Amino acid sequence: MTMPAPERLLDVKGLSIEIDTRRGPATIVDGINLHVNKGETLGIVGESGCGKSLTMLSLMRLLPNKIKVKSGTANFAGRDLLTMSKSELRKVRGGQVGFVFQDPMTSLNPVMRIGDQICEPLIYHKNMKRSDARIRATELLRLVGIPSPAERLDAFPHELSGGMRQRVMIAIGLACDPELLIADEPTTALDVTIQAQIVDLVKELRVKLGMSVVWITHDLALIAGLVDRVAVLYAGTVVEDAPVEELFARPSHPYTRGLLASIPKLSDVAANRLSSIGGTPPEPGRRPQGCPFAPRCQLAEDICRQSVPPLEPLGGSGPHRVACFVAQRQLEAA
Ligand SMILES: Nc1ncnc2c1ncn2[C@@H]1O[C@H](COP(=O)(O)OP(=O)(O)OP(=O)(O)O)[C@@H](O)[C@H]1O
Ligand SMILES: [Mg+2]
């Protein structure tokens, strides 16, 4: 008996993002394909500057000046986030989709008390009375581990530490029981115990609400215990996408192997093949013609420098997909 295909809550296809430079438009994100199934937690990993934040900001139509979506679709629960009306989008943003931004200092309003910032989505999306919203806001602050939560409601962002602000962002992201939570490096400023507490909270809400999650991070060790599937980004493209155990057991893209090798003892096989990744990713506007990783890849061949490898199932079928000519051929030969 075949299992029915899982329902895709978010389905991003062919998303490209450009920046206007003095020398003309330059591609930053190049044809990303990503999806999140209902109830699934997707981890997104990749080194600094690979386009993780811009990809997620584009879905909420919050790209900075001079940076634009060039092409693609982002279907959320049957509607395209990239083309829906502003008023529809306002209903989705902060309601059905909760967002935790990477930088709390620029995304929290500095002149608004944090209690009001948490109450705002509750009043707007859930039609709560102010008094009920404050009760819920206190509860949310308690859930994210903020001591004396009722007293903290009246604080301004600058009166809180970086870790506290990050927890306030998480509280706002979770406020309206979202169907999808997009969390961009949400725990980087937190110490390990609080981080574990947040991870447990998110796991609990997944069960309780059937919430889907996109969790962006550099921290592969954290991802191992949290996510169902991992998409590896390199220079604005997905180079590998696999269930988490499969990715750790059989990393197939040379870039993924390099990433995993940087965590000691996680995968001896990977460590033997590529102990560190030399070089730097291409700058926007200076993308190579073929595989964007080819200039740094010890296994690159002529074809890698000529054409962009498509993201295809490893060995022809299954959920493990990789965009690498060499990895695909090695499997065929095995
Ligand atoms: N406001 C901006 N103006 C110009 N370039 C930008 C801006 N924001 C991002 N970029 C460029 O776009 C690329 C992708 O940035 P993005 O913030 O998405 O990376 P990231 O993967 O989230 O990195 P990090 O792990 O450091 O958060 C980078 O090369 C970055 O320099
Ligand atoms: Mg980022």
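Above: the structure in question.
Since the model is a prediction, treat every value here as computed from it, not as a measurement. Per chain, the residues get numbers from 1 upward, laid out in the order the sequence is written. Labels are handed out in written order, letters beginning with A for the chains and numbers beginning with 1 for the ligands. Given that this is a predicted model, residues contribute local features only at a pLDDT of at least 70 and side-chain atom pairs are listed and counted only at 80 or more, while totals for whole chains, interfaces and linings are drawn from all residues. For the side-chain quantities, the full set of heavy atoms in the structure was used; hydrogens and water were omitted.

## Focus on the side chain of Asp241
Part 1: Numbering of helices and strands starts at the N terminus; helices are DSSP runs of H or I of at least 4 residues and strands are runs of E of at least 2. Secondary-structure assignment places Asp241 in strand S10 (residues 237-243).
Part 2: Contacts of Asp241, omitting those with residues within four sequence positions, involve Arg229, Val230, Ala231, Pro319, His320 and Arg321. Whether two residues touch is decided by their heavy atoms; if any such pair falls within 4.5 Å, the residues are in contact.

## Considerations on the coordination of the magnesium ion (ligand 2)
Part 1: For Na, K and Ca the donor cut-off is 3.2 Å; for every other metal, N, O and S atoms count as donors within 2.8 Å. Water does not enter the count, which can leave sites looking incomplete. Within the protein, Ser53 (OG) and Gln102 (OE1) serve as the donor atoms for the magnesium ion (ligand 2), at 2.0 to 2.1 Å. Of the two residues, Ser53 is situated in helix H1 (residues 52-59) and Gln102 in the loop between strand S6 (97-100) and helix H3 (104-107); the sequence distance between them amounts to 49 residues.
Part 2: For each residue, the accessible area found with a 1.4 Å probe, counting protein chains only, is set against the maximum for its type, and the residue is called buried under 20%, exposed over 50%, and partly exposed in between. Using a relative accessible area of 38% as the deciding quantity, one classes Gln102 as partly exposed.

## Re the packing of helix H7 (residues 162-174) against helix H8 (residues 192-209)
Part 1: Angles shown run from 0 to 180 degrees and are taken between the N-to-C directions of axes, each axis being a line fitted to C-alpha atoms and, for helices, limited to the stretch in contact. Put simply, H7 and H8 touch, their axes get as near as 12 Å, and they point 5 degrees apart. In terms of axis orientation, H7 runs roughly parallel to H8. Each of Arg167, Ile170 and Leu174 in H7 lies in contact with H8, whose residues at this interface are Ile194, Ile198, Leu201 and Leu205.
Part 2: Under the convention adopted here, Pro, Cys and the residues Ala, Val, Leu, Ile, Met, Phe, Trp and Tyr are nonpolar, Asp, Glu, Lys and Arg are charged, and Gly plus all remaining residues are polar. Class assignment of the residues belonging to the contact of H7 with H8 gives a composition of six nonpolar, no polar and one charged. Angles below 35 degrees are treated as roughly parallel, those above 145 as roughly antiparallel, those between 65 and 115 as roughly perpendicular, and all remaining angles as oblique.

## Description of the pairing of strand S2 (residues 24-37)
Part 1: As defined by bridge partners, strand S1 (residues 8-21) adjoins S2 across 10 bridges and the pair is classed as antiparallel. Opposite Asp20, over in S2, you have Pro25 as the bridge partner.
Part 2: Where S1 hands over to S2, the hairpin turn is made up of two residues, counted between the paired strands. Any two strands are treated as partners once DSSP identifies two or more bridges connecting them.

## Describing the site of ligand 1
Part 1: Around ligand 1, the surrounding shell holds 13 residues, and the nearest of these are Ser48, Gly49, Lys52, Ser53 and Gln102.
Part 2: Within the side chain of Gln102, a nitrogen or oxygen atom sits 2.8 Å from an oxygen atom of ligand 1.
Part 3: Contact with the protein chains covers 66% of the free accessible surface of ligand 1, which is 630 Å².
Part 4: Per-element accounting of the shell around ligand 1 gives the leading share, three residues, to H1.
Part 5: Partitioning the shell around ligand 1 into residue classes produces six nonpolar, six polar and one charged. A cutoff of 4 Å decides nearness: a residue is near a molecule or strand if any of its heavy atoms lies inside that distance of it. Polar contact criterion, stated in full: a pair of N or O atoms within 3.5 Å, where within protein one must be able to donate a hydrogen and the other to accept it, and residues adjacent in sequence count only if both atoms are side-chain atoms. All accessible areas in this document rest on Shrake-Rupley with a 1.4 Å probe, and a residue is counted as covered only by the protein chains that are shown.

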